[in-house]
Structures are given as structure tokens and as C-alpha cells.
Amino acid sequence: MKLVIYLVRAYQRWISPLFPPSCIYRPTCSAYMIEAIEKHGIKGVVMGLARIGRCHPFARAGSDEVPDHFSLKRNGQDD
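Residues numbered from 1 in each chain as written. Predicted model: local features only at pLDDT ≥ 70, side-chain atom pairs only at ≥ 80, totals over all residues. Heavy atoms only, no water.

Taking an unreviewed UniProt entry as the reference, the protein is identified by name as Putative membrane protein insertion efficiency factor belonging to Streptococcus cuniculipharyngis. Per its UniProt entry, the protein bears the Subcellular location (unreviewed entry) comment "Cell membrane". Per UniProt, the comment on the protein under Sequence similarities (unreviewed entry) is "Belongs to the UPF0161 family." (UniProt positions renumbered as here; feature names shortened; annotations may be inferred.)

What follows is the structure, given as C-alpha cells:
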């Protein structure tokens, strides 16, 4: 899991600054991925990927915190 977190942090430091801010969620998708991994381990990677999949121009923007229990849904609800 440390390798995945390292890759996400490398993305945050070297790739993300090359593009204008565009994440519609708080926290950002990369920060969500790290927190989900720290909280849920390998399931956190799946949660982070599901979050990235939900991130599109037609999604409802706003706060989307990592839940305490494993879930692939936003804030425990379907969008």
C-alpha cells in the first residue's frame, strides 16, 4: 500500500500542478485515495478508483469524505 500512496503523492507533486484545478469534490480525488488506503487498505484503492470514476462534469459537486465503512457509493448513497 505504501507504493500506491507514493505514486499518488508523486502525481500530486509532479503531474497535478501542470493542469488547472478541476476536481469537483472535496477532498480532491488524490487526497481521497490516500485517506481511503490509510483507512481501508486494499479496499481503499478500490474506493479511490470508484471515486475517480464518479468524477465527471455531470456529477453533483461538493463534499465527499471517506466513509468509516467500506462503500463504493458517494456519502453512502447512490448518485
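There's plenty left to go through after this.
1. Describing the overall build of the protein
What the protein contains, in helices and strands, is 3 helices and 2 strands. When the helices and strands of the protein are placed in sequence order, the string is α-β-α-α-β. Over its C-alpha trace the protein gives a radius of gyration of 12 Å, about what one expects of a compact globule, namely 12 Å for 79 residues. Expressed as lengths along the three principal axes of its C-alpha atoms, the size of the protein is roughly 35 × 30 × 15 Å. A total of 79 residues make up the protein; the buried ones form 30% of that total. At a minimum sequence separation of 6, the contacts of the protein that also span at least 24 residues come to 57%. When the accessible surface of the protein is summed, it comes to about 5,500 Å², and 63% of that surface belongs to carbon and sulfur atoms. (Helix = DSSP H or I, 4+ residues; strand = E, 2+ residues; numbered from the N terminus. Rg over C-alpha atoms; globule rule 2.2 N^0.38 Å. Buried < 20%, exposed > 50% of the residue type's maximum accessible area, 1.4 Å probe, protein only. Contact = heavy atoms within 4.5 Å. Areas by Shrake-Rupley, 256 points an atom, 1.4 Å probe, with all protein chains shown as cover.)

2. Concerning helix α2 (residues 29-40)
Helical geometry note: an α-helix holds 3.6 residues per turn, so side chains three or four residues apart project in the same direction. The end-to-end C-alpha separation of α2 is 16 Å, in line with the 16 Å expected for 12 residues at 1.5 Å each. When we look at burial in α2, the residues that qualify are Cys 29, Ser 30, Tyr 32, Met 33, Ile 34, Ala 36, Ile 37 and His 40. Contacts made by the buried residues of α2 are with α1 (2-15), β1 (25-26) and α3 (42-54). Of the residues trailing α2, Gly 41 is marked for its positive phi of about 65°. (Expected span 1.5 Å × (residues − 1).)

3. Quick notes on the nonpolar core
Counting 6 residues, the largest nonpolar core is built from Ile 5, Val 8, Met 33, Ile 34, Ile 37 and Val 45. Elements with a contribution of two residues or more to this core: α1 and α2. Considering each element in turn, this core owes the most residues, 3 residues, to α2. Other than its neighbours up to four places away in sequence, Met 33 contacts Val 8, Gly 44, Val 45, Gly 48, Leu 49 and Ile 52. (Core = buried A, V, L, I, M, F, W, Y, C linked by side-chain atoms within 4.5 Å.)

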